[in-house]
Amino acid sequence: MPYNQEFIHALIVDDQKCIRCTHCVKICPTEAIRIVNGSVVIREERCVDCGECVRACPQGAIDIDHDDLSRINEYKNKVILFPSVFWAQFPDRLSEDQVYTALQKIGFTHVYEVEQPIAVLKNVVRKQIKSNQSEYPIISSFCPAIVRLIQIRYPSLTENITRVKAPHDLSAHYILDKLSADGLDPAETGVFYVTPCVAKIAAVKSPVGENRSIITGVISPKDLFNKVMSIVDDIQAEDCRYLRKELTKEGIQWSLTHGETWWQNTRTMAVDGIHNAIKILERIENDEIAGIDFLELRACDRSCAAGVLLPQNRFLTVEKLKRRAKRYPSAEKKSQTEGDERFMHLESKVLTGEINPRPLLRFGSDMEMAMSRMQRARNIMCHLPGIDCAACGAPTCQALAEDMANRKAKMSDCIFIQQLWQKNGKVPAEKAFKRMEKKWGEKRFDPDCTKIGAKNETNR
Ligand code: SF4
Ligand code: SF4
């Protein structure tokens, strides 16, 4: 049965803040962004929610759609699921117990760190690697942006995605089962996930391989971080070790680069950064890389430590988590001494449904039409300057040519062509300028000394 054919995204562009600098247009790995009539437009069928545009925007004009913290008050049982990278945002002077206690004081009745049942994930992936008959490696499903990327750009690799649920999903099942067993009413329980990135918000809104997520809402780590920091010094920390007794060395580092691969005693590769992931996926699809059994791909450079919603520097987050992990037992050791019984029932819930390819058909699904449009794009390319300046509102000349072939853009969008037409007397200067105003907005041509240029951005 096909699941969730729709991608729901979590990005909102604020037209008032946007200065149409095209940084987002140029950085988007799937060429999903255009400037149209003075506004940024995100083409939903192309966006994989990697968050690169949010990171690149010098104006903070791309906002994320998450839930307000006050939403937890709609529920009697308020569960918070947070990833270890969230804990690592806090200054060293705060203990784990101080942060856990502060979260309880904020109103959460159940505090849970999501990387606790990862031993289950590890076992399932090991079995999949062992039984893989395909020429391609098994690919981790951990990063939702990578899963979406594979669906649209590398559809032939879709069936190699592990289909194991993300730790927060598995934790949500675990905690809901536990609360039910304790007699708490599921209708009165809200499960809120503190997400480090845009992709995980989108995955909660429209999970791949499932019809709906069991997570109630998503909370911004920045808002929650500020809330914790505003009360933490005035509260008495309680002993909360019992709340993280299933946490292990491996769990704490699961969301970092190599978090999934260093468990597997077979040939693995861990790649972070979406542009790096694209290069590797291309080489795998072209049969240029052989013999890899398991591929861990993460959209962010340094994986979840670099989640675009986290307030702390990614390198400091990695260092802090590695330091923390040293204080915890290894999962292998723990399962020998205590057994994994607590989580064993989750094995039946660990897999998502089928993950379907959603190939991005650049020129439409009609083969004959697609061939003719492709030829049209080639012809158009002969006339474009080929310098990929993005002054047309598309990321590259090729993208503009394809938009034109698909009747989504016009030759006059190219400023070089406009200049040529003016020189040849085909278009009066006034008309050419009006077209530019229409694309970029009337005020775009006024002097503005508050602009943030690339040089200034590096100081931010
Ligand atoms: S990067 Fe530039 S064009 Fe894109 S949303 Fe931000 S300000 Fe607007
Ligand atoms: S989230 Fe990623 S894929 Fe989506 S528009 Fe932004 S950069 Fe492009």
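Residues numbered from 1 in each chain as written. Chains lettered and ligands numbered in written order. Predicted model: local features only at pLDDT ≥ 70, side-chain atom pairs only at ≥ 80, totals over all residues. Heavy atoms only, no water.

## Points about the environment of V204
Link 1 in the chain: Take V204: it is sitting in helix α8 (residues 198-205).
Link 2 in the chain: What makes V204 buried here is its relative accessible area of 12%.
Link 3 in the chain: Separated by 168 residues in the primary sequence, V204 and S372 place their C-alpha atoms 39 Å from one another.
Link 4 in the chain: Leaving out residues up to four positions away in the same chain, V204 has contacts with H168, Y193, S213, I215 and V218. (Helix = DSSP H or I, 4+ residues; strand = E, 2+ residues; numbered from the N terminus. Buried < 20%, exposed > 50% of the residue type's maximum accessible area, 1.4 Å probe, protein only. Contact = heavy atoms within 4.5 Å.)

## Brief notes about the side chain of K439
Link 1 in the chain: Looking at the secondary structure, you find K439 in helix α18 (residues 429-440).
Link 2 in the chain: Excluding residues within four positions of it along the chain, K439 makes contact with I35, N37, G38, A391, C392, G393 and D413.

## A few points about the nonpolar core
Nonpolar side chains tend to gather and get buried jointly when the protein is soluble and globular.
Link 1 in the chain: With 117 residues, the main nonpolar core has L81, F108 and L224 as its most contacted residues.
Link 2 in the chain: Mapping this core onto the domain boundaries places at least three of its residues in each of domain 1 (11-64) and domain 2 (69-349).
Link 3 in the chain: Once residues lying within four places of it in the same chain are set aside, the contact partners of F108 are L69, I72, K78, V79, I80, L103, I219 and L224.
Link 4 in the chain: Membership of the second largest hydrophobic core comes to 19 residues, among which are F363, A370, C392 and A409. (Core = buried A, V, L, I, M, F, W, Y, C linked by side-chain atoms within 4.5 Å. Domains from an automatic or database assignment.)

## Some details on the pattern of salt bridges
Link 1 in the chain: A complete count under the given rule lists 30 salt bridges for this structure.
Link 2 in the chain: For the salt bridge of E296 with R298, the shortest nitrogen-to-oxygen distance reads 3.9 Å. R298 shares its class with E296; the two are buried.
Link 3 in the chain: One salt bridge connects D413 with K439, and the closest N-O pair in it is separated by 3.9 Å. In this pair, D413 is assigned in the loop between α16 (397-405) and α17 (415-423) and K439 in helix α18, connecting sequence segments 26 residues apart. Here D413 and K439 have matching classes, each one buried.
Link 4 in the chain: By sharing partners, the salt bridges in this structure join E96, D97, E113, R244, R324 and R327 into a single network. (Salt bridge = Lys/Arg side-chain N within 4 Å of Asp/Glu carboxyl O.)

## As for the site of ligand 2
Link 1 in the chain: Taken together, 13 residues lie near ligand 2, and C28, C47, C50, G51 and C53 sit nearest.
Link 2 in the chain: Taken together, the residues of the shell around ligand 2 sort by class into nine nonpolar, two polar and two charged. (Near = heavy atom within 4 Å. Nonpolar A, V, L, I, M, F, W, Y, C, P; charged D, E, K, R; others polar.)

## Observations concerning unusual backbone geometry
Link 1 in the chain: One non-glycine residue, E31, lies in the positive phi region at around 50°.
Link 2 in the chain: When you line up the elements, E31 lands in the loop between α1 (23-27) and β2 (33-36).
Link 3 in the chain: Among the residues examined, E31 registers a relative accessible area of 25% and is labelled partly exposed.
Link 4 in the chain: Unusually for a residue other than glycine, D388 sits at a positive phi of about 50°.
Link 5 in the chain: Considering the arrangement of structural elements, one finds D388 in the loop between α15 (367-381) and α16.

## Overview of the site of ligand 1
Link 1 in the chain: Residues in contact with ligand 1, as listed here, are C18, I19, R20, C21, T22, H23, C24, V40, C57, P58, Q59 and I62.
Link 2 in the chain: A per-class count over the shell around ligand 1 returns eight nonpolar, three polar and one charged.

## Quick word on the packing of aromatic side chains
Link 1 in the chain: By the definition in use, this model includes seven aromatic pairs.
Link 2 in the chain: The interplanar angle of 70° and the centroid separation of 6.0 Å between the aromatic rings of Y75 and F192 together place this pair among those described as edge-to-face. With Y75 in the loop between β4 (62-64) and β5 (77-82) and F192 in strand β8 (residues 189-194), this pair connects stretches of sequence that are 117 residues apart. The exposure classification of Y75 matches that of F192, with both residues buried. (Phe/Tyr/Trp six-rings, centres within 6.5 Å; stacked < 30°, edge-to-face > 60°.)

## Section: the environment of F294
Link 1 in the chain: Of note, F294 is situated in strand β11 (residues 294-298).
Link 2 in the chain: The exposure class assigned to F294 is buried, which follows from its relative accessible area of 1%.
Link 3 in the chain: Between the C-alpha atoms of F294 and L351, which are 57 residues apart in sequence, the distance is 17 Å.

## Notes on the domain arrangement of the protein chain
Link 1 in the chain: Considered domain by domain, the protein chain is made up of domain 1 (11-64), domain 2 (69-349) and domain 3 (367-445).
Link 2 in the chain: In this structure, domain 1 and domain 3 have C-alpha centres spaced 20 Å apart.
Link 3 in the chain: The interface is formed by 15 residues belonging to domain 1 together with 16 residues belonging to domain 3.
Link 4 in the chain: Buried surface at the junction of domain 1 and domain 3, summed over both partners, amounts to about 1,200 Å²; 45% is from carbon and sulfur atoms.
Link 5 in the chain: Interface area lost by domain 1 to domain 3 is led by R20, R34 and I35, which between them contribute 34%.
Link 6 in the chain: Applying the counting criterion to the domain 1 and domain 3 interface returns two salt bridges.
Link 7 in the chain: Among the ionic pairs, D403 bridges to R34, the shortest N-O distance being 2.5 Å.
Link 8 in the chain: If you look at where domain 1 meets domain 3, you find six residue pairs in polar contact (both at pLDDT 80 or more).
Link 9 in the chain: No other element matches the three residues that β2 contributes to the side of domain 1 that touches domain 3. (Buried area = accessible area lost by both parts, 1.4 Å probe. Polar contact = N/O pair within 3.5 Å; in protein donor to acceptor, adjacent residues only side chain to side chain.)

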